[in-house]
Amino acid sequence: MLNAELVVRLLVHEDDQVRHRAAEYLRDCPSPPENSSDVFWEAFDRYRIQDSSVSFAYSYIPQTESSCRRLVAVVADKGTTSNDVFHLRFALERLPIAFLEAHRDEVLAAAHSMRPMEPLPWKKGTARLSSADHLAERLALRNVPPQQLWTDIEKLAMRLDRLARNRWDWRQDYRLREALARHPEFVIERCVPLLGKDQTWLGVFAIELLCMVRHQPELDLLVPRLEDSLSCDYEAATKLLAQIGGQQVLNRLLHEFAARKGKFRCHLLRVISAMHTADAERALIELIRSGELAEDEVNTAAQELVDLFTTDGIELLCDLVRAGRYDPGLSDLREDVLILGKAVGVAIPEQEAWQQQTEADHAARRAMSPLQRMGSLLRGPSTAEQATPPLAAACPMPRSAEVGRNDPCPCGSGKKYKKCCLNK
């Protein structure tokens, strides 16, 4: 597989789909390269990036003093007139606290130049906290005692337990967690006891706080949190397990995979992939080659190999496409392999034929109405389609006219639609 240093260079790749996949990789990578932000600005200058997924990923990669200064300068210069600046809002709001403290006036002035955010969905007509106010709140929490911060986050968790996931401003808990993370001993003392018993939002915040202070709790406390892939427990536990990494974590995940049945096995495949290591790549390849995976597990393992920019597994993925050993209603593996080939520099023998079929499928999909698309998804392939050879199989239909499976999720998480709200 490509290592993170090679993937970061794909941000300046000429193909926009490759750039998009590279940004998603870096957003989820446990240890992005230190030069990631510099390469992002190289891509920004070359392509005037307006891809929200790429810009969102920028807020998760390491920042240097020069990259922070460049971000503030670009926002201050463009203000409310440019979409690419609007997409950088997340990065501006997550500037390293040390830089924010040292350049308070300059950063707040740039934030004031940005256009207001949309109202929260349950308070129509009510403006959300502006970027400048959010940054000022981050600064104000610096000297708040940890006990008060913990009390505030407990109250917030109780409120969130009564709300849908997309019905609050995520920046509120981010501010509290960031301030608490300045007190690692307090965080460990309060959060570790919650891992084995608390299934509320406070338990989720506990995992995220332990991740922020880079604590490594017992695996027996984390693995049960992976049971529900649609919960934030799963997301937080996956992130912390990937951060811990190592052969012990991988072996535990593989042991759980062998001992379990059903959808939980697919969840475990995604967690293995989140480790972003060559050992994880080899484990996924061996599982597919074993021939013991169910169809949905093959789909999941194949998609995770694509997301890892696999090199050792690309021929295996081509074989899956040729043999039709995947469900086109769950993943468009043919198109994914084509994008992967461009990224890793491997020529696919069937590239021209697969590309033509992919373009034809996209054209047919664009000609459909939203109801036709939904009906096609729910109905499944027709008898004629089932008899069609794999190379001519129809590509999957998205769940809505606006959002594709590989597009950023509209909930604002920054994840792919298929890995976030597709099945909700």
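Think of each chain on its own: its residues are numbered from 1, step by step along the sequence as written. With the structure being a predicted model, the display of local features is reserved for residues of pLDDT at least 70 and the display and counting of side-chain atom pairs for 80 or more, all residues being used for whole-chain, interface and lining totals. Hydrogens and water are ignored here; the side-chain numbers use all heavy atoms of the structure.

*Asks:* Before we move on, could you go through the overall build of the protein and cite the residues and values that matter?
*Replies:* Think of it this way: any DSSP run of H or I at least four residues long counts as a helix, any run of E at least two long counts as a strand, and we number them from the N terminus. A count of helices and strands for the protein gives 25 helices and zero strands. Only protein chains enter the accessibility calculation, which uses a 1.4 Å probe. A residue is then buried if its area is under 20% of the maximum for its type, exposed if over 50%, and partly exposed in between. Expressed as a percentage of its 424 residues, the buried residues of the protein come to 50%. What makes two residues a contact is simply this: any of their non-hydrogen atoms within 4.5 Å. Across the protein, the fraction of contacts at a sequence separation of at least 24, relative to all contacts at a separation of at least 6, is 70%. Summed over all atoms, the accessible surface of the protein reaches about 19,400 Å², with 51% contributed by carbon and sulfur. In these tables, accessible area is a Shrake-Rupley quantity obtained with a 1.4 Å probe, and a residue counts as shielded only by the protein chains included in the view.

*Asks:* Give a detailed account of the pattern of salt bridges, specifying residues and quantitative values.
*Replies:* Salt bridges are defined as contacts in which a side-chain nitrogen from Lys or Arg sits within 4 Å of a carboxyl oxygen from Asp or Glu. This model, assessed by the stated rule, comprises 22 salt bridges. Note that K342 is salt-bridged to D15, the shortest N-O span being 3.0 Å. Remark: D15 occurs in the loop between α1 (4-9) and α2 (16-28) and K342 occurs in helix α22 (residues 333-344); sequence separation between them is 327 residues. K342 sits in the partly exposed class, given a relative accessible area of 32%. Residue R27 is joined to D28 by a salt bridge in which the shortest nitrogen-to-oxygen separation is 2.9 Å. A relative accessible area of 11% means that R27 is categorised as buried. One continuous salt-bridge network, built from bridges that share partners, spans D220, R252, E256 and R260.

*Asks:* Describe the packing of helix α11 (residues 146-160) against helix α14 (residues 201-212), and please don't skip the residues or the numbers.
*Replies:* Axis angles are defined between N-to-C directions and span 0 to 180 degrees, where every axis is a line fitted to C-alpha atoms and, for a helix, only to the segment in contact. Direction vectors running N to C along α11 and α14 enclose 130°, while the axes themselves pass 8 Å from each other. As judged from the angle between their axes, α11 and α14 are oblique. Residue-level inspection shows W150, I153, E154, L156, A157 and L160 of α11 in contact with α14, the latter providing W201, L202, F205 and L209. Among the residues making up the contact of α11 with α14, the classes are represented as nine nonpolar, no polar and one charged. Angles are sorted into four bins: roughly parallel if under 35 degrees, roughly antiparallel if over 145, roughly perpendicular if 65 to 115, and oblique for all others. Any residue outside Ala, Val, Leu, Ile, Met, Phe, Trp, Tyr, Cys, Pro, Asp, Glu, Lys and Arg is labelled polar, Gly included; the first ten of those are nonpolar and the last four are charged.

*Asks:* Hey, could you go over the side chain of N299 for me, with residue numbers and the actual values?
*Replies:* Its location among the elements puts N299 in helix α20 (residues 295-307). Pairs of N or O atoms are called polar contacts if they sit within 3.5 Å, as long as, within protein, a hydrogen donor faces a hydrogen acceptor (for residues adjacent in sequence, only side-chain-to-side-chain pairs). Reaching out from N299, the side chain makes a polar contact with the backbone oxygen of E295 at a distance of 2.8 Å.

*Asks:* Describe the packing of aromatic side chains, listing the residues and the values that go with them.
*Replies:* The criterion for an aromatic pair is that two Phe, Tyr or Trp rings (for Trp, the six-membered ring) have centres within 6.5 Å, with stacked assigned to planes under 30 degrees apart, edge-to-face to planes over 60 apart and tilted to the rest. In the structure shown here, the tally under the stated rule is 10 aromatic pairs. When the centroid spacing of 5.2 Å and the interplanar angle of 80° are considered together, the rings of F40 and W41 count as edge-to-face. Residue W41 is classed as buried on the basis of its relative accessible area, which comes to 4%. A centroid spacing of 5.1 Å and a plane angle of 70° characterise the contact between W41 and F44, whose relative ring orientation is edge-to-face. In this pair, W41 and F44 are both assigned in helix α3 (residues 36-47), three residues apart and thus about one turn of the helix distant. Taking relative accessible area as the criterion, F44 reaches 1% and is therefore assigned buried.

*Asks:* Describe unusual backbone geometry, listing the residues and the values that go with them.
*Replies:* Backbone geometry places H276, a non-glycine residue, at a positive phi of 55°. Along the chain, H276 falls in the loop between α18 (264-274) and α19 (278-289). For H276, a relative accessible area of 15% gives the class buried. Not every positive phi belongs to a glycine, and F309 is a case in point at roughly 55°.

*Asks:* How would you sum up the nonpolar core? Please name residues and give values.
*Replies:* Membership of the largest hydrophobic core comes to 120 residues, with the highest contact counts inside it found for L92 and F309. At nine residues, the largest contribution of residues to this core is made by α14. For the purposes of this section, nonpolar cores are sets of buried Ala, Val, Leu, Ile, Met, Phe, Trp, Tyr and Cys residues that join through side-chain atoms within 4.5 Å.

*Asks:* Hey, could you go over α19 for me, with residue numbers and the actual values?
*Replies:* The first and last C-alpha atoms of α19 sit 17 Å apart over 12 residues, in line with the 16 Å expected at 1.5 Å per residue. At its buried positions, α19 is contacted by α17 (246-259), α18, α20 and α21 (314-323). At the C-terminal side of α19, G291 shows a positive phi close to 75°. Given a helix with a known number of residues, its expected span is that number minus one, times 1.5 Å.

*Asks:* Mind laying out the environment of A179, listing which residues take part and the relevant values?
*Replies:* Take A179: it is sitting in helix α12 (residues 171-180). Between the C-alpha atoms of A179 and L141, which are 38 residues apart in sequence, the distance is 6.1 Å. Those residues in contact with A179 that lie beyond four places of it in its chain are L141 and L149.

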